[in-house]
Amino acid sequence: MTYISNKVINKMRFCTLIFFVLLTSCKSTLNVQGNFPTPVINQMPFSIGVVFDPQFINYQYIETGKDRSEWEISVGKAQVQLFDVVLSAMFSEVITSDKLQTISNKPIDLFFQPSLENFQYNVPNETKGKMFEVWLKYNLKVFDGQQQLMADWVLTAYGKTPTAFLKSDEAALNEAMVIALRDLGAGIALRFGHVPEINQWLKSKHQALQASTVY
Amino acid sequence: MSKYKSYQLVLFSVICLGLFGCTNVTIDQVKHQEVKLNKGDSIVVMGRRAGSDYETEPELISCIGEVLAKTNESLNIIPENDFVDKLYPWFEARTAPTQVRDLNRLLSYDKISSLIEDYQVQYIVWVDGNTEKTRSAGSISCGLSATGAACFGFGTWDTKSEYEATIWDYNSRQLVGKVSSSADGTSYMPAVVIPIPIIAPVQADACKAMAAQLGQFFGPEKQSIAVPNTN
């Protein structure tokens with residue numbers, strides 16, 4: 001009889017353990033992954049030093065809101081991958097570093113330092129259209145060859161994806177993230193030259209290049 | 001379990017899987033110009049994603065492309081993802097041309113025009129719309145006991161699809177026509193021990209209807225696709 005009781009108690013303990021394991025596994029973890037195509041744009045004949053600080057490379061968002069589901073979203077690697085693809089298409093030479101400094105003996109025309117200022121997301125029960133939505137707010141800084149700040153502007157990106165049958169929340173949010181990062185890439189590739197300070201710099205460089213070609 | 005009971009279970013499952021709700025589909029078409037497709041010409045079908053509170057579903061766009069290719073085997077349909085990736089970032093949600101005249105601005109870039117010409121694109125089809133649940137009623141409750149799990153109740157919901165396809169002629173840079181497809185249907189879920197879903201395939205029917213109509217728009221059908229019955 002004692003043997004049976006112990007057996008029942010052990011089973012109950014096991015069930016309780018499984019219950020708590022299931023409870024603790026309710027947290028959703030997402031390591032954003034995607035393939036970013038090379039932009040079809042005209043390449044600028046300049047070298048750029050890109051500064052990815054460790055915080056940017058390892059950016060992780062942890063949901064702390066009590067009334068929201070637990071999410072742990074790692075965006076760092078995906079955003080570095082996007083910047084690598086986009087900047088390589090925009091500039092003839094791209095050199096990456098974790099600090100704002102001259103990286104090699106070769107002079108660098110521009111330095112570029114992105115930082116993710118704000119990350120927000122919505123899940124279907126929080127949206128009217130039952131969609132996963134992502135907002136990204138980046139602060140982009142451009143320095144000249146002497147590492148003097150030249151331009152500092154904010155670029156926002158947005159991505160959404162509808163819920164679909166048999167698609168997990170992680171897969172849907174990943175898709176929304178990739179769409180937002182593509183939107184960011186589009187913004188950089190198409191608007192970089194329209195930032196007034198950069199536009200002015202590009203004009204002066206083009207004039208200098210033309211003058212050196214003439215003489 | 002006896003062999004007879006196994007057969008009963010299989011038969012029951014087959015009946016359940018074969019049950020579908022009814023869908024009403026309405027299609028409409030406006031043709032401004034005659035369409036002319038030469039051998040090797042392609043059509044690209046893309047979804048509009050600029051709406052703030054809805055999104056044209058990517059699976060609907062691929063469904064239209066697949067069904068359209070089956071409807072008219074002479075049509076060469078370019079998959080949306082291939083085209084959008086190849087022309088990144090010019091056909092993203094916020095950068096895609098919204099008016100046919102915007103194509104001129106886009107094609108002033110040599111790289112873009114040469115890439116589109118490589119695809120031999122003759123027509124660009126933009127699909128805008130979505131499928132949404134419009135009403136739901138009823139409730140189903142499920143219980144778990146030592147003897148097993150069971151559900152009881154009844155649920156019903158209405159789904160509505162509304163899509164409009166706008167067709168651009170790439171070469172003449174003109175709007176050649178529009179095709180619209182709207183579908184609605186009611187799905188049911190009675191539950192007596194086991195929930196039995198009787199789903200109205202509203203989006204799939206809207207896709208088939210849209211593709212069949214686009215197939216007619218671009219030329220004679222070579223193989224007919226069953227357009228859902230309008231009840």
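Small disclaimer: the values here were computed from a predicted structure and weren't measured.

What counts and what doesn't
Residues numbered from 1 in each chain as written. Chains lettered and ligands numbered in written order. Predicted model: local features only at pLDDT ≥ 70, side-chain atom pairs only at ≥ 80, totals over all residues. Helix = DSSP H or I, 4+ residues; strand = E, 2+ residues; numbered from the N terminus. Buried ≥ 20, exposed ≤ 12 C-beta atoms within 10 Å, placed from the backbone. Contact = placed C-beta atoms within 7 Å. Core = buried A, V, L, I, M, F, W, Y, C linked by C-beta atoms within 7 Å. Axes fitted to C-alpha atoms, helices over the stretch in contact; angles between N-to-C directions. Parallel < 35°, antiparallel > 145°, perpendicular 65-115°, else oblique. Left-handed = near helix turned anticlockwise from the far one by under 90°. Nonpolar A, V, L, I, M, F, W, Y, C, P; charged D, E, K, R; others polar. Expected span 1.5 Å × (residues − 1). Arc of directions from axis to C-beta. Pairing = 2+ DSSP bridges. pLDDT = per-residue confidence, 0-100.

1. Points about the overall build of chain A
1) Next: If you tally the helices and strands in chain A, you get five helices and eight strands.
2) Next: Among the 215 residues that make up chain A, the fraction classed as buried is 27%.
3) Next: Within chain A, contacts between residues separated by at least 24 positions form 69% of all contacts whose residues are at least 6 apart in sequence.

2. A short note on the nonpolar core
1) Next: Counting residues in hydrophobic clusters, the biggest one holds 45 residues, and the most contacted among them are B:Val45, B:Ile64, B:Val125, B:Ala165, B:Met210 and B:Leu214.
2) Next: Setting aside its immediate chain neighbours within four residues, B:Ile64 contacts B:Val45, B:Val127, B:Cys207, B:Met210 and B:Ala211.

3. Structural notes on the packing of helix 2 (residues 58-71) of chain B against helix 6 (residues 202-217) of chain B
Residues and elements named next belong to chain B.
1) Next: Viewed as axis vectors pointing N to C, helix 2 and helix 6 meet at an angle of 45°, and their least axial separation amounts to 8 Å. Between helix 2 and helix 6, the angle is such that the two are oblique. The element helix 2 and its partner helix 6 pack so that their crossing is right-handed. Contacts between helix 2 and helix 6 involve Leu60, Cys63, Ile64, Val67, Leu68 and Thr71 from the former and Gln203, Ala204, Cys207, Lys208, Met210, Ala211, Ala212, Leu214 and Gly215 from the latter.
2) Next: Taken together, the residues of the contact of helix 2 with helix 6 break down into eleven nonpolar, three polar and one charged.

4. Things to note about helix 3 (residues 76-90) of chain A
Residue and element names in this part refer to chain A.
1) Next: Compared with an ideal rise of 1.5 Å per residue, which puts 15 residues at 21 Å, helix 3 spans 21 Å between its outermost C-alpha atoms and is within 8% of the ideal.
2) Next: For helix 3, the complete set of buried residues consists of Ala78, Gln79, Leu82, Phe83, Val86, Leu87, Ala89 and Met90. Buried residues in helix 3, looked at end-on, bunch into an arc of 155°, giving them a common side.
3) Next: On its buried face, helix 3 sits against strand 2 (44-51), strand 5 (91-97), strand 6 (110-122) and helix 4 (169-191).

5. Brief notes about the interface of chain B and chain A
1) Next: Each side of the interface is counted separately: chain B has 17 residues, and chain A has 16 residues.
2) Next: Ranked by residues supplied to the side of chain B that touches chain A, first place goes to helix 5 (residues 110-118) of chain B with three residues.

6. Examining the sheet that holds strand 1 (residues 28-31) of chain A
All names here are of chain A.
1) Next: Pairing in this open sheet of three strands is mixed, and the strands run 1-4-3 from one edge to the other. Each of the sheet's edge strands pairs with one partner strand only, and the pair in question is strand 1 and strand 3 (60-62). Between one strand axis and the next, the sheet turns by 10° as a mean value, whatever way the strands run.
2) Next: As defined by bridge partners, strand 3 adjoins strand 4 (residues 71-74) across three bridges and the pair is classed as antiparallel. Within the sheet, the bridge partner assigned to Tyr61 lies in strand 4 and is Ile73.

7. Digging into the pairing of strand 5 (residues 148-169) of chain B
In summary, the side chains of a regular strand alternate between the two faces of the sheet.
Residue and element names in this part refer to chain B.
1) Next: Direction of pairing for strand 4 (residues 121-145) relative to strand 5: antiparallel, over a ladder of 22 bridges. Of the residues in strand 5, the one forming a bridge with Ser136 is Trp157.
2) Next: Hairpin connection from strand 4 to strand 5: two residues lie between these consecutive antiparallel strands.
3) Next: Counted between consecutive antiparallel strands, the loop separating strand 5 from strand 6 (residues 174-195) contains four residues, among which Arg173 sits at a positive phi close to 55°.

8. Looking at helix 6 of chain B
1) Next: The end-to-end C-alpha separation of helix 6 of chain B is 22 Å, in line with the 22 Å expected for 16 residues at 1.5 Å each.
2) Next: With 15 of 16 residues buried, helix 6 of chain B is to be regarded as a mostly interior element.

9. Overview of the confidence of the model for chain B
Residue and element names in this part refer to chain B.
1) Next: Of all residues in chain B, 87% have pLDDT values of 70 or greater, and the mean over the chain is 87.
2) Next: Within the model, pLDDT remains below 50 along residues 221-226, and this stretch shows 16 contacts once partners closer than five positions in the same chain are excluded.
3) Next: What the predictor reports for the complex is a pTM of 0.84 with an ipTM of 0.82.

10. Remarks on the packing of helix 3 of chain A against helix 4 of chain A
Residues and elements named next belong to chain A.
1) Next: Close contact between helix 3 and helix 4 brings their axes to 10 Å; oriented N to C, the two are set at 30°. The angle between helix 3 and helix 4 falls in the class roughly parallel. Judged by the sense of rotation from one axis to the other, the crossing of helix 3 with helix 4 is right-handed. Where helix 3 abuts helix 4, its residues Ala78, Gln79, Leu82, Val86, Ala89 and Met90 lie against Met177, Leu181, Leu184, Gly185, Ile188 and Ala189.
2) Next: Of the residues contributing to the contact of helix 3 with helix 4, the split by class is ten nonpolar, two polar and no charged.

11. A closer look at the sheet that holds strand 3 (residues 76-78) of chain B
Residue and element names in this part refer to chain B.
1) Next: A sheet is described by the order of its strands in space; here six strands give the open sequence 1-6-5-4-2-3, paired in mixed fashion. Looking at strand neighbours, the two that pair on one side only are strand 1 (23-31) and strand 3, the edges of this open sheet. Put simply, the sheet's adjacent strands are angled 20° from each other on average, direction ignored.
2) Next: Sitting on the sheet, helix 2 is in contact with strand 2 (42-47), strand 3 and strand 4, with an inclination near 155° to strand 2.
3) Next: Against the sheet, helix 6 engages strand 1, strand 4, strand 5 and strand 6, with an angle of about 155° to strand 6.

12. Comments concerning the environment of B:Ile116
All names here are of chain B.
1) Next: Position of Ile116 among the secondary structure elements: in helix 5.
2) Next: Separated by 33 residues in sequence, Ile116 and Ala149 place their C-alpha atoms 57 Å apart.
3) Next: Other than its neighbours up to four places away in sequence, Ile116 contacts Val121 and Tyr170.

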